[in-house]
Amino acid sequence: MILVTSKDGAMIYKTYLKTEHSDENIEFWLACEADKKKTSQRKRISMARKLFTSYIQPQAHNEINIDSPARKAVIRNIQEPARSCSDEAQRIIYRHMERDSYP
């Protein structure tokens, strides 16, 4: 899904996802991509907490639809966030977008 790798494509896709009430998916995916570029451990910890409170924790304002094992993995990984802290959740969301929204 090349659309999400370009700035304009991501904006257009996000606009579409808003009509489907699932724009939290692209927001989460893009936030994960931005997190991978952070080099500071302190910044990664801060971003991991923001990702958790905004998208992962139950009843989050922009809660994404991931399964329990992926949610638990993110919770475990948040203690010492690496660049791959949310990889599984990001993969799941990408598959949701690719399979459900993109067609």
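Residues numbered from 1 in each chain as written. Predicted model: local features only at pLDDT ≥ 70, side-chain atom pairs only at ≥ 80, totals over all residues. Heavy atoms only, no water.

The name that an unreviewed UniProt entry assigns to the protein is Regulator of G protein signaling 13, with the source organism given as Cyanistes caeruleus.

Here we look at the pattern of salt bridges
Spelled out, the test is: A pair is scored as a salt bridge if a Lys or Arg side-chain nitrogen falls within 4 Å of a carboxyl oxygen belonging to Asp or Glu. By the criteria applied, helices consist of DSSP H or I runs no shorter than four residues and strands consist of E runs no shorter than two, each listed in order from the N terminus.
Applying the stated rule across the entire model yields six salt bridges. A salt bridge links aspartate 87 to lysine 36, with the shortest nitrogen-to-oxygen separation between them at 3.7 Å. Of this pair, aspartate 87 sits in helix H5 (residues 87-101) while lysine 36 is found in helix H2 (residues 23-36), placing the two residues 51 residues apart along the sequence. Notably, a salt bridge pairs arginine 91 with glutamate 88, separated by 3.1 Å at the nearest N-O pair. Here glutamate 88 and arginine 91 lie together in helix H5, a separation of three residues that amounts to about one turn. Salt bridges linked by common partners bring Glu33, Lys36 and Asp87 together as one network.

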